[in-house]
Amino acid sequence: MDSGNENFPDFIPPTKIAYISGRPATLHLRKCKLVMERSDGSPAEYIFDQPTVTLGAMDDNDIVVDDDTVSRYHCRISQDDDAWVIQDLGSTNGTFVNRVRIKEAFLKPGCLVTVGKTDVRFQSLDERVEITPANRDRFGRIVGTSIRMREIFGILEKIAPSGVTVVIEGETGTGKEVVARTIHEASRRIDKPFVVFDCGAVPENLIESELFGHEKGSFTGAIMARQGLFENAQGGTIFLDELGELSLDLQPKLLRALEQREIRRVGSNKPIKIDVRVIAATNRNLAEEVKAGRFREDLFYRLSVVRLILPPLRERKEDLPHLTKHILLRAPFNKDQDGNPRVKGVSREGLDAMMSYEWPGNVRELVNVVERACAYAEGEYVGLEDMPEQISGIGIVRRRPNPEAATARDRIEKIADKPFKEAKEEWLSSFERDYIFNLLKRNSFNISHAAREADIDRKYFRKLMKKYGIEGDGPDD
């Protein structure tokens, strides 16, 4: 029903933006303001940019109403596509909009909401912001001088301080987690946890428990109660990586957590209130996944308040010199004993070869290439001969790597003085990492193809990759 007014409520553009291909963008920042009278008669103003606001007598509500006629969890105001909706949560004395008792109603800017004996004035705040390229070559952890990246910096400047949900799409290796961490570090939640969950790295039957926690005895092996990642991230940010891997059965539970801002542990009916910002990432096109029936449309729209699609490195090659310099300055693998960069830069021939390469593994592949080149470089500059064959185009260079490049002989000498068991474990770990990395490289960093060639389960292959900090830089089909 509506609020009792003759006219249908004014619709307000939602806080949504889709940055896809460098087109000029307008960001609609959508907020609501609630004005309530204090006990001394002075007005108290509350402004929210989050999609849901709760009112009630309990301390974990967004607005705590000191009124003995107000229920513990009295009502909820939420964004519903292009409108604001208020819902009564089964309160004892009811929720009223413009003096009409409602169960659910649209809210019109300026209307009066009454909970118990307390009046609250509702106002909508709609800020329209034109996105222009930022006048900077970095934003937090992200670097780039290209117009594509500076436009993204302009968007991040606006959205990072707010609490809006963000979906980051892009090919593997484009830096989605780096963007997520940067958003968190530029927000008001910086002092709270940043929790990462890879939806594709956990067995499907354990994902619900990992996210929402479980009670003792709720399933075989649940020998004690355990908090989930949403509880661990309380007050901070949860980053859901590879969101496209989440099964259709679990998607409604994630939607519930986003809409009602509460979760239930496996084996429990008790709701737990959460205050968590959600940032999700995927290398799939979620809009196409919705069309194909593999992703829920309602969850897609709830998540995609701000939708960023990161450009692949091949489409912003002008950033290569700046990115390479940044890696050489910051990466621990290029530090000497005093903590100074050992390799100062890349030769002109080497940089030209890098600019001609298509970088299927994006920025992650660039980091790997620079690390390998630093290990082989004998002087202060990386030369063409230090580059991998696919970049240099001059074939495998047979030369002695510098002492920092660990050969088999070097490794044996390094572990010779250790106890047998410890030396064996270190040797096997070194073998596993090199084997996995080289197998991925031979298969153009396609995880599925590499796992088939290794004749091991893809999930176990991914587990090994995660163990050694290696990720596929190509399609995973």
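In the block above lies the structure referred to throughout.
Procedures and definitions
Counting from 1, residues in each chain are numbered in the order their sequence is written. Totals for whole chains, interfaces and linings use all residues, but because this is a predicted model, local features are given only for residues with pLDDT of at least 70 and pairs of side-chain atoms are given and counted only at 80 or more. Side-chain figures throughout are based on the complete set of non-hydrogen atoms in the structure, without hydrogens or water. Helix and strand assignments come from DSSP, with helices taken as H or I runs of at least 4 residues and strands as E runs of at least 2, each series counted from the N terminus. Throughout, exposure labels follow a simple rule: accessible area from a 1.4 Å probe, protein chains only, divided by the maximum for the residue type, with under 20% read as buried, over 50% as exposed, and the rest as partly exposed. By the convention used here, residues are in contact when the closest approach between their heavy atoms is within 4.5 Å. Reported accessibility uses the Shrake-Rupley method at a 1.4 Å probe radius. Residues are deemed covered only where the shown protein chains occlude them. Working note: the arc is built from the helix axis to C-beta atom directions. In what follows, salt bridge is the name for a side-chain nitrogen of Lys or Arg lying within 4 Å of a carboxyl oxygen of Asp or Glu. Side-chain atoms alone can form a polar contact between residues adjacent in sequence; in general such a contact is a pair of N or O atoms within 3.5 Å, and within protein one must be able to donate a hydrogen while the other accepts it. Structural elements are reduced to axes, namely lines fitted to C-alpha atoms, with helices fitted over the stretch in contact, and the angle between N-to-C directions of any two is expressed from 0 to 180 degrees. Any angle that is under 35 degrees is reported as roughly parallel, and any over 145 degrees as roughly antiparallel; angles of 65 to 115 degrees are reported as roughly perpendicular and all others as oblique. It is the rotation of the near helix from the far one that decides the hand of a crossing: anticlockwise by less than a right angle makes it left-handed, clockwise makes it right-handed. When residues are sorted by character, Ala, Val, Leu, Ile, Met, Phe, Trp, Tyr, Cys and Pro go into the nonpolar class, Asp, Glu, Lys and Arg into the charged class, and all the rest, Gly among them, into the polar class. Note on patches: the residues involved have over 30% relative accessible area and no salt bridge, like charges join within 9 Å, and the nonpolar side chains Val, Leu, Ile, Met, Phe, Trp and Tyr join within 5 Å.

A.B. asks: Before we move on, could you go through the overall build of the protein chain and cite the residues and values that matter?
C.D. replies: A count of helical and extended segments in the protein chain gives 15 helices and 23 strands. Residues classed as buried in the protein chain amount to 49% of the 477 residues present. In the protein chain, 60% of the contacts between residues at least 6 apart in sequence involve partners at least 24 apart. When the accessible area of the protein chain is evaluated, it comes to approximately 23900 Å², of which 48% is carbon and sulfur surface.

A.B. asks: Break down helix α15 (residues 458–467) for me, with residues and values.
C.D. replies: Considered for burial, the residues of α15 that qualify are Phe461, Arg462, Leu464 and Met465. When α15 is viewed along its axis, its buried side chains cluster within an angular range of 155° and face the same direction. What points out from α15, more than 90 degrees from its buried face, is the exposed set Lys463, Lys466 and Lys467. Phi turns positive, to about 70°, at Gly469, one or two residues after α15.

A.B. asks: I'd love a proper account of the environment of Ile63, names of residues and values included.
C.D. replies: Structurally, the position occupied by Ile63 is in strand β5 (residues 63–64). Using a relative accessible area of 1% as the deciding quantity, one classes Ile63 as buried. Between the C-alpha atoms of Ile63 and Val53, which are ten residues apart in sequence, the distance is 7.7 Å. Excluding residues within four positions of it along the chain, Ile63 makes contact with Leu34, Met36, Tyr46, Phe48, Thr54, Leu55 and Gly56.

A.B. asks: An account of unusual backbone geometry is requested, with residue identities and associated values reported.
C.D. replies: The residue Asn98 is not glycine, and still its phi comes out positive at about 50°. Within the secondary structure, Asn98 is located in the loop between β8 (95–97) and β9 (100–102). For Asn98, a relative accessible area of 27% gives the class partly exposed.

A.B. asks: Explain the pattern of salt bridges residue by residue, including any values.
C.D. replies: On inspection of all chains with the given rule, the structure shows 29 salt bridges. Across the salt bridge formed by Lys33 and Glu45, the nearest N and O atoms sit 4.0 Å from each other. Separated by twelve residues along the polypeptide, Lys33 in strand β2 (residues 25–37) and Glu45 in strand β3 (residues 43–48) bring together distant segments of the chain. On the accessibility criterion, Glu45 (51% relative accessible area) is exposed. With a closest N to O distance of 3.5 Å, Arg462 and Asp198 form a salt bridge. Of this pair, Arg462 sits in helix α15 while Asp198 is found in strand β16 (residues 194–198), placing the two residues 264 residues apart along the sequence. We classify Arg462 as buried; its relative accessible area is 16%. One continuous salt-bridge network, built from bridges that share partners, spans Asp62, Arg189, Arg261 and Asp275.

A.B. asks: Any details on the side chain of Arg265? Residues and values, ideally.
C.D. replies: Within the secondary structure, Arg265 is located in the loop between β18 (262–263) and β19 (272–273). Of note is the side chain of Arg265, whose polar atom sits 2.9 Å from the side chain of Glu231.

A.B. asks: I'd like a rundown of the environment of Val35, residues and numbers included.
C.D. replies: Positionally, Val35 belongs in strand β2. Through-space distance from the C-alpha of Val35 to that of Glu45 is 4.5 Å; in sequence the pair is ten residues apart. When near neighbours in sequence (up to four residues on either side) are disregarded, Val35 contacts Pro43, Ala44, Glu45, Asp119, Val120 and Arg121.

A.B. asks: Any details on the packing of helix α8 (residues 320–330) against helix α9 (residues 348–356)? Residues and values, ideally.
C.D. replies: Across the interface, α8 lies against α9 with an axial gap of 10 Å and an inter-helix angle of 120°. What the angle tells us is that α8 and α9 run oblique. As for the relative orientation of α8 and α9, their crossing is right-handed in sense. On α9, the residues touching Leu320, Pro321 and Thr324 of α8 are Leu351, Met354 and Met355. Within the contact of α8 with α9, the residues separate by chemical class into five nonpolar, one polar and no charged.

A.B. asks: Break down a nonpolar patch on the surface for me, with residues and values.
C.D. replies: A surface patch of nonpolar side chains, about 390 Å² in accessible area, is lined by Trp427, Leu428, Phe431 and Tyr435. With respect to the helices and strands, the residue Tyr435 is situated in helix α13 (residues 420–442). On the basis of relative accessible area, Tyr435 is assigned to the partly exposed category, the value being 35%.

A.B. asks: Break down the packing of helix α14 (residues 447–454) against α15 for me, with residues and values.
C.D. replies: Taken N-terminus to C-terminus, the directions of α14 and α15 make an angle of 105°; their axes are 9 Å apart at the nearest point. In terms of orientation, α14 lies roughly perpendicular with respect to α15. Taking contact as the criterion, the partners of Ile447, Ser448, Ala450, Ala451 and Ala454 in α14 are, on α15, Arg458, Phe461, Arg462 and Met465. Along the lines of polarity and charge, the residues of the contact of α14 with α15 split into six nonpolar, one polar and two charged.

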